[in-house]
Amino acid sequence: QVQLVESGGGLVQAGGSLRLSCAASGSIVRINDMGWYRQAPGKQRELVARITRLGVINYAESVKGRFTISRDNAKNTVYLQMNSLKPEDTAAYYCNCKVYVLGYSAQQDYWGQGTQVTVSS
């Protein structure tokens, strides 16, 4: 019903930058919250940043001041600009969207396939 396609991961040196994108498509009526999570090997998935449809934003303490989340509602796309990257930012990054889907009364939770971010020291 809804597909999330992520792009923008890769390998970067410490101090570098990357920009992640996640585009949603399918039988979308409206997308509420959009967010990015990450999961490092042996660790639980954690919230990185989240943005509501009206633009209210939450960041994990570890990324405040370095990462910026934004969204384009017309394109059903969410972005994560990551600056001053650190080795501890290395993880698989997952897009998450809470979506009202055609034919369903309650919002549905969708995840992207994940994109790897590796920061070398």
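Before reading further, recall that the structure is shown in the block above.
Because the structure is a prediction, the values reported are computed rather than measured.

Attention now goes to the packing of aromatic side chains. On inspection of all chains with the given rule, the structure shows one aromatic pair. Judged by centre distance (5.0 Å) and plane angle (65°), the rings of Tyr37 and Trp111 are edge-to-face. Placement of Tyr37 in strand 4 (residues 28–39) and of Trp111 in strand 10 (residues 108–111) is noted, with a sequence separation of 74 residues between them. Arg45 extends its terminal NZ or CZ atom over the ring of Trp111, reaching a point 4.7 Å from the ring centre.

A few words now on the side chain of Arg66. Here Arg66 lies in the loop between strand 6 (57–59) and strand 7 (67–72). Judged by its relative accessible area of 10%, Arg66 is buried. At a separation of 2.7 Å, a polar atom in the side chain of Arg66 contacts the side chain of Asp89. Filtering out sequence-adjacent residues up to four positions away, Arg66 remains in contact with Gln81, Met82, Asn83, Ser84, Leu85, Lys86 and Asp89.

Attention now moves to the state of the cysteines. This model, assessed by the stated rule, comprises one disulfide. Each sulfur of the disulfide joining Cys22 and Cys95 lies 2.2 Å from the other. As the torsion about the S-S bond is roughly -80°, the Cys22-Cys95 disulfide counts as left-handed. Here Cys22 is found in strand 3 (residues 18–26), whereas its partner Cys95 is found in strand 9 (residues 91–101), with 73 residues between them in sequence. A relative accessible area of 0% places Cys22 in the buried class.

Thresholds applied
Position numbers for residues count from 1 along each chain, tracking the sequence in the order it is written. Residue-level local features of this predicted model are given only where pLDDT is at least 70; pairs of side-chain atoms are given and counted only at 80 or more, and the full residue set underlies all totals for whole chains, interfaces and linings. Hydrogens are left out, water is left out, and the side-chain values use all remaining heavy atoms of the structure. Under the pairing criterion, centres of Phe, Tyr and Trp rings, with the six-membered ring standing for Trp, must be within 6.5 Å; the plane angle then separates stacked pairs below 30 degrees from edge-to-face pairs above 60, leaving the rest tilted. The helix and strand labels rest on DSSP assignments: H or I over at least four residues marks a helix, E over at least two residues marks a strand, and numbering proceeds from the N terminus. A ring has a charge above it when a Lys NZ or an Arg CZ is no more than 6 Å from the ring centre and no more than 35 degrees off the ring normal. Each residue gets one of three labels from its accessible area relative to the maximum for its type: buried under 20%, exposed over 50%, partly exposed in between, using a 1.4 Å probe on protein chains only. What qualifies as a polar contact is a pair of N or O atoms within 3.5 Å, subject to a donor-acceptor requirement within protein and to the restriction that residues adjacent in sequence count only when both atoms come from side chains. Contacts: residue pairs with any heavy atoms within 4.5 Å of one another. Criterion for a disulfide: a pair of cysteine sulfur atoms within 2.5 Å.

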